[in-house]
Amino acid sequence: MDGTIRDALRRSLGTPARRWLLVGTLVAGLVAAVALVAAASPADRTFAELSGTVQSLMSVVTPLFGILLVRDLRRASGRVPVLPTVLAVGLPAVVIGVVGVLICAATLALTPAVADEPWRFAGTVAVGSVLVQIVAGLVGTGLGLLLRSAVVAFLATIILPLGLFALLGAVDALRPTQPWLTPLGSVRNLLSGEMSALRWVQWLCVLLLWGVALNAVGAAGLNRRGGPTGR
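In this text, all values refer to a predicted model and were calculated from it rather than measured experimentally.

Next up on the list: the overall build of the chain. Counting its secondary structure elements, the chain contains 11 helices and 0 strands. Listed by position from the N terminus, the elements making up the chain come as α-α-α-α-α-α-α-α-α-α-α. Taking the principal axes of the C-alpha coordinates as reference, the chain spans close to 60 × 45 × 30 Å. Per-residue burial for the chain yields a buried fraction of 46% across its 231 residues.

Have a look at this one:
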């Protein structure tokens, strides 16, 4: 299993196209951070405000790394374990999250006029930034396992979470379930830095639904179709 995991980690960023995709994602985050600082009033120039937009923007691309890893599984000859591939998406996700934190921190540090407490909740936001990207990557592997087309799977990583968030938000009685059932609902909490015990439980529910359950269903479906093994 260790060798399989190492191979999956190597494949996660093992091609020039994937490395360029990573670079492009990080450059987009940097451009967004600079643009936000330039456009925002000093009162809005905080680490949490920057991270909320920058990390959310980059998290749109993060699922694509998971989808590409799953496509490797479909192309592999013989039966290949699914779990190491799912776990391997953590590498690009963590890189995006950590570099995004550094981008936001450096941009804010170089900005002359900022809010009164620009670094409030910075530690929690930094941790939340990485968690946001990990869940995004797992959504990519899950939908990549369920949907054969990489393009359709990538579009689904945008449409399904946002669609569910909008649907729940359209009904007053269901709006409180958004942070329990949708990645976007938990992202807002994580990147605000204002995390309570209840909000951590909400994030855990999102992780279980979109990270664990979605991948388990996808792996089961792939195995039924005679694809790679589940372990």
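Of note in the backbone geometry, Phe 121 takes a positive phi value of approximately 65° without being a glycine. Considering the arrangement of structural elements, one finds Phe 121 in the loop between α6 (90–109) and α7 (122–146). Overall, the relative accessible area of 29% leaves Phe 121 in the partly exposed class.

What follows is about the layout of surface pockets. A probe matching the size of a water molecule, rolled over the atoms, marks out where space remains unfilled. Each pocket or cavity is described by its volume, and for the largest pocket that value is around 350 Å³. Along the wall of the largest pocket there are 17 residues; nearest its centre are Ser 59, Val 60, Thr 157, Pro 161 and Pro 183. Looking at the lining of the largest pocket residue by residue, the classes come out as 13 nonpolar, 4 polar and no charged. Of the volumes computed, that of the second largest pocket is approximately 220 Å³. Taken together, Ala 43, Asp 44, Thr 46, Ala 48, Glu 49, Gly 52, Glu 117, Arg 120, Phe 121, Leu 191, Ser 192 and Glu 194 form the lining of the second largest pocket. Counting only elements with at least two residues in the lining of the second largest pocket, the list comes to α3 (47–59) and α10 (183–192). Of all the elements, α3 adds the most residues to the lining of the second largest pocket, at 3 residues.

With that settled, consider helix α8 (residues 150–169). The terminal C-alpha atoms of α8 lie 29 Å apart, and with 20 residues this matches the ideal 28 Å at 1.5 Å per residue to within 8%. Along its length, α8 reaches its greatest deviation from straightness, about 30°, at Ala 156. All buried positions along α8 are accounted for by Ala 153, Ala 156, Thr 157, Pro 161, Phe 165, Leu 168 and Gly 169. Where α8 begins, one side-chain oxygen reaches toward the backbone nitrogen of Val 151, 3.4 Å away; that side chain belongs to Ser 149.

Procedures and definitions
Residues numbered from 1 in each chain as written. Predicted model: local features only at pLDDT ≥ 70, side-chain atom pairs only at ≥ 80, totals over all residues. Heavy atoms only, no water. Helix = DSSP H or I, 4+ residues; strand = E, 2+ residues; numbered from the N terminus. Buried < 20%, exposed > 50% of the residue type's maximum accessible area, 1.4 Å probe, protein only. 1 Å grid on protein atoms, 1.4 Å probe; cavity = no way out; pocket = protein on both sides within 12 Å on 5 of 7 lines; lining within 4 Å. Points joined across faces, edges and corners; volume = space filled by probe spheres on them. Nonpolar A, V, L, I, M, F, W, Y, C, P; charged D, E, K, R; others polar. Expected span 1.5 Å × (residues − 1). Bend = angle between axes of the 7 residues up to and from the residue. Polar contact = N/O pair within 3.5 Å; in protein donor to acceptor, adjacent residues only side chain to side chain.

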